[in-house]
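# An overview of the molecular structure
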Amino acid sequence: METGSHVKPNACVEESNYSNEPHLDASQNKTFLTDQHEKCIDGCTTTAIPPACPTAMGSSDCTSHCDLCKVDELQVEAVGFCINCTDFLCRNCLLNHTKIKVTRSHTILQGENLPTDPEPIIAVRKLVKCDIHPEYDIKFVCAEHSTTICAMCLTDQHRMCTFQKISELKEEYRRKEATVKANLLDVHQRIEEFKLHREKYIGVIEAQQKQVISEAQGIAQQLIEKIVTLTTKVEDTVNGHLDKETTTTKESLRDADNLFQEVKHITDLFEAAQKYGGLDECILASRHIDHKVKEIFRKICLLESHEDKHISLEKNVQLYKLDTICYVTLLGTKQQTGKENASDEVMEQLQMNERDDSKLNITTSECGTSCDLSVLMCNKEVQTLDTDAQSTSEATLVKSPDQSNPHLCKRPFIDRTILPNALTCKISTANDSLNCFITAIVILDNGKKLIADRNNKKIKLLSNDFVVLEEYSLSGCPIDMCVADQSVYVCCLKEKKLSRFLICGDGRLIPASCYLTRYWPVGLSPFDDKLLILCFKLDCLFDSVKDEKVVVEIRNKSKLDASLTGQYNNDDHDYLEYAKRILTVDSNSILLAEHERVSCYGIDQAEVEIGDRKWYYKNHGQNILENARGVALDKEGNAYICGEASNNVHQVPCNNYLKGKIIIANINKPFSVCVDSANDILIVGCCNDNYLHVFNFQ
């Protein structure tokens, strides 16, 4: 037996049909060759796959010991490895192994082919063993169950199945062998490319880190220089005030000295007249002195009228609100800034603003392969004392120190974008018979979410992590829902009533009484401690885009406080009949979703008609809005509108509707929306979709 060769010269890579059964012929025992491009007896060629680790077969760095001798607690160096037994063999055990009838047909690896890591070979041997009957080798493939089986499995469970012997799959193996090897090589190459790509990305992001730090230091240096300049200006101002007051005071002191000398002079005159003068002289001196004293009193009063000044420092910058000098963001290269979705009506104004803001934007010059680090100078987070004249948008840039995280400076929602990769949360349950259709989403005080599922006639209570906790069945298909006065109100399609649920202390819902309505309710919104209801006068199709006869009711539970209709001779109310959703903006304003637009109207409980339109945001240019449905507000007064047919979600600030834009594009049939301002997330529910889509503001 020669070193460095196989004991069996006819081992072939075509099959992995190892066997330790003594009655099999040696030609049936095949094994994988480890040398590249070796040939088996029937001419097939093998190509080695690149090793996955340095301890690949063929290296002899590590010494292995005989597994059989280990039983006798002996450490004997191994010179061979039996593939069938998966044991290392020393020289004596190897000789015995080739002589014994049971093992003489086994395949032995020696010399350079001796594996340092037998795990791959052991794993291959385990593939041959049946999972159910480990003492038997797999011999067949069940075509009906698409599984491999042994002889016992065939006898016990697959007697009536169509099967095929493993040995008969030789041609199939030959067809797939090249594909499998090509796939392995491709995977290996892909992994190497990915590693190189990631290593390159680390270098890029480290370079961006240095550049961003340098830019931040540059901003800090500019601030320092500006502060030094302003400090010098303050010093000059203080010195000017001091010089002015000092000069004025010294002049007053000189005038006082002159008056003192004048008083001394007239005093001497009075004493001389008293001592040496006659009656006439005393009378004239007295008259003269009286006149002089009055004049001196006048001058003294003039000197005393000068008000003493106090040099004080009044802080013009609220330093405690300065949490950062710039924003640092991590943006994906495919992420859009959202400017391309802005309203066409305000593009010209935005371009003008960009020229003013261009001095404040500092970004890295090179983009990373996956993301960019960028710096944006924070020019609005330090507020002056005259904050009354500043806009709400600017004021919200400053996070007050009593908030939960005083070190985090957040921009207003209207200036922020949505991260492109939404979290999808499954909301369907085993009890659902149809795909979910989420028509309303509300957030309870404890942070749990409540959703209305139209298709399955349910409302579902979700945890803070969007896991379904409980379900509540309804008599109809819910189309809207809101929370008012510690109760949940639900209106259903084609039902003249409101279903009410009480909110328990532990967050569960308890069904309560229902309130009958005169018309068909289709939209709900809390209005102070009352309820605002959008109703159809006729039982028409809710899903249509045709105009309907609508009425807005204000209810205090079962009591109807007001019923408001449109002014049919008012041009502002031309689109009122298209309303399908209602939302309370404030105590005097409501928002209605009207197919291709949303409109804000005034409202007064003392009137019988809806007030004039205050503003509207419509389908315009690239800002396509079709079949407006779900509406919601964030804490800053920005409205979010779902365009069901336009497959997008719009963001419109109620105090400046011209800045409206598309914040989410290419989402399939969004129907409901809700803003969790505390957690900076936007939640969207869609038609016939078993998932909620949760987007993060950045």
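Notes on the structure follow.

Rules behind the numbers
Residues numbered from 1 in each chain as written. Predicted model: local features only at pLDDT ≥ 70, side-chain atom pairs only at ≥ 80, totals over all residues. Heavy atoms only, no water. Core = buried A, V, L, I, M, F, W, Y, C linked by side-chain atoms within 4.5 Å. Buried < 20%, exposed > 50% of the residue type's maximum accessible area, 1.4 Å probe, protein only. Helix = DSSP H or I, 4+ residues; strand = E, 2+ residues; numbered from the N terminus. Contact = heavy atoms within 4.5 Å. Expected span 1.5 Å × (residues − 1). Bend = angle between axes of the 7 residues up to and from the residue. Pairing = 2+ DSSP bridges. Axes fitted to C-alpha atoms, helices over the stretch in contact; angles between N-to-C directions. Polar contact = N/O pair within 3.5 Å; in protein donor to acceptor, adjacent residues only side chain to side chain. Parallel < 35°, antiparallel > 145°, perpendicular 65-115°, else oblique. Left-handed = near helix turned anticlockwise from the far one by under 90°. Nonpolar A, V, L, I, M, F, W, Y, C, P; charged D, E, K, R; others polar. Salt bridge = Lys/Arg side-chain N within 4 Å of Asp/Glu carboxyl O. Phe/Tyr/Trp six-rings, centres within 6.5 Å; stacked < 30°, edge-to-face > 60°. Lys NZ or Arg CZ within 6 Å of the ring centre and 35° of its normal.

## Brief notes about the nonpolar core
- Formed by 36 residues in total, the largest nonpolar core has its most connected members in Leu524, Leu531, Leu532, Val552 and Ile603.
- The set of elements that each furnish at least two residues to this core consists of strand E15 (478-484), strand E16 (487-492), strand E20 (520-527), strand E21 (530-536), strand E22 (550-556), strand E23 (559-564) and strand E25 (589-593).
- Counting residues per element, this core draws most heavily on E21, which supplies 6 residues.
- Dropping the residues within four chain positions of it, Leu524 is found in contact with Asp480, Met481, Cys482, Tyr489, Val490, Cys491, Leu498, Leu531, Leu532, Ile533 and Ile582.
- Core analysis: the next-biggest nonpolar cluster, separate from the first, contains 16 residues, Ile418, Ala632, Val675 and Cys686 among them.

## Digging into helix H5 (residues 170-276)
- An ideal rise of 1.5 Å per residue puts 159 Å on 107 residues; H5 measures up with 154 Å between its terminal C-alpha atoms.
- The sharpest bend along H5 measures roughly 35° and falls at Lys176.

## Quick notes on the pairing of strand E13 (residues 458-462)
- Of all 5 residues in E13, 5 are buried, a share of seventy percent or more.
- Neither face of E13 is left uncovered, since the one carrying Lys458, Lys460 and Leu462 and the one carrying Ile459 and Leu461 both have all their residues buried.
- The sheet contact formed by strand E12 (residues 449-453) and E13 spans 5 bridges and is antiparallel. Bridge pairing in E13 places Ile451 opposite Lys460.
- The antiparallel hairpin formed by E12 and E13 contains 4 residues in its connecting segment, where Lys457 sits at a positive phi of about 55°.
- Bridging between E13 and strand E14 (residues 468-473) involves 5 bridges; their strand directions are antiparallel. Paired with Leu462 across the two strands is Val468, which belongs to E14.
- Between the end of E13 and the start of E14, which pair antiparallel, lie 5 residues, with Phe466 showing a positive phi angle near 65°.

## Structural notes on the sheet that holds E13
- With respect to topology, 4 strands assemble into an open sheet ordered E11-E12-E13-E14, the strand pairing being antiparallel. At either margin of the open sheet sits one strand with a lone partner, and together these are strand E11 (438-443) and E14. In this sheet, adjacent strand axes meet at a mean angle of 20° when their direction is disregarded.

## Re the side chain of Asp480
- Tracing the backbone shows Asp480 in strand E15.
- According to the relative accessible area criterion, Asp480 is buried, its value standing at 6%.
- Excluding residues within four positions of it along the chain, Asp480 makes contact with Thr439, Ala440, Tyr489, Val490, Cys491, Val522, Gly523, Leu524 and Arg581.

## Structural notes on the side chain of Asp676
- Position of Asp676 among the secondary structure elements: in strand E32 (residues 670-676).
- The exposure class assigned to Asp676 is buried, which follows from its relative accessible area of 7%.
- A polar side-chain atom of Asp676 sits 2.8 Å from a polar atom in the side chain of Asn679.
- Leave out the neighbours within four places in its chain, and Asp676 touches Ile443, Lys449 and Ile681.

## What about the packing of H5 against helix H6 (residues 279-304)?
- Relative to each other, H5 and H6 sit at 165°, their axes nearing to 10 Å. By the angle class used here, H5 and H6 are roughly antiparallel. Here H5 runs over H6; the crossing is left-handed. Across from Ser252, Asp255, Ala256, Leu259, Glu262, Val263, Ile266, Leu269, Phe270, Ala273, Gln274 and Tyr276 in H5, the residues of H6 making contact are Glu281, Cys282, Ala285, His288, Ile289, Lys292, Val293, Ile296, Lys299, Ile300 and Leu303.
- Looking at the contact of H5 with H6 residue by residue, the class counts come to 15 nonpolar, 3 polar and 5 charged.

## Considering the sheet that holds strand E3 (residues 108-110)
- The strand order across the open sheet built from 3 strands is E2-E1-E3, with neighbouring strands paired in antiparallel fashion. If you trace the sheet from one side to the other, it starts and ends with strand E2 (87-89) and E3, each paired once. Neighbour-to-neighbour, the strand axes of the sheet open up by a mean angle of 30°, direction not taken into account.
- Bridge count between strand E1 (residues 80-82) and E3: 3 bridges; the pairing is antiparallel. Across the sheet, residue Cys82 finds its bridge partner in E3, namely Ile108.
- Most of the contacts of helix H2 (residues 91-99) go to E2, to which it runs at about 110°, and overall it touches E1, E2 and E3.

## Describing the pairing of E15
- Most of E15 is tucked away, with 6 of its 7 residues classed as buried.
- Here E15 pairs with E16 via 6 bridges, running antiparallel. When the bridges of E16 are listed, Asp480 appears paired with Cys491.
- Hairpin geometry of E15 and E16 is characterised by an intervening segment of 2 residues between the two adjacent antiparallel strands and by a positive phi of about 55° at Asp485.

## Focus: the pattern of salt bridges
- Counted according to the given criterion, the structure contains 18 salt bridges.
- Note that Arg454 and Asp543 form a salt bridge whose closest N and O atoms lie 2.7 Å from each other. Linking Arg454 in the loop between E12 and E13 with Asp543 in the loop between E21 and E22, this pair joins segments that are 89 residues apart in sequence.
- Here Asp485 and Lys557 are joined by a salt bridge, their closest N and O atoms 3.8 Å apart. Within this pair, whereas Asp485 is found in the loop between E15 and E16, its partner Lys557 is found in the loop between E22 and E23, the two being separated by 72 residues in sequence.
- Judged by its relative accessible area of 40%, Asp485 falls in the partly exposed class.
- Three or more residues joined by partner-sharing salt bridges are found here, namely Asp432, Asp453, Lys458, Lys460 and Glu471.

## A short note on the packing of aromatic side chains
- Applying the stated criterion across every chain yields a total of 9 aromatic pairs.
- A ring pair is formed by Phe437 and Phe671, whose centres lie 5.1 Å apart and whose planes are at 90°; its orientation type is edge-to-face. Separated by 234 residues along the polypeptide, Phe437 in the loop between strand E10 (423-426) and E11 and Phe671 in strand E32 bring together distant segments of the chain.
- Look at Phe437 and you get buried, because its relative accessible area is 9%.
- Residue class for Phe671 comes out buried when judged on its relative accessible area of 1%.
- Seen in terms of ring centroids, Tyr640 and Phe697 are 6.3 Å apart; in terms of plane orientation they differ by 75°. Their pairing is edge-to-face. Of this pair, Tyr640 sits in strand E29 (residues 638-643) while Phe697 is found in the segment after strand E34 (691-696), placing the two residues 57 residues apart along the sequence.
- For Tyr640, a relative accessible area of 0% puts it in the buried group.
- Pairwise contacts between aromatic rings join Phe413, Tyr640 and Phe697 into one cluster.
- Above the face of the Phe413 ring, Arg416 is positioned so that its terminal group lies 5.2 Å from the ring centre.
- The cationic tip of Lys449 hangs over the ring face of Phe466; the distance from NZ or CZ to the ring centre is 5.0 Å.

Treat this as a map of the structure, not an account of what it does.
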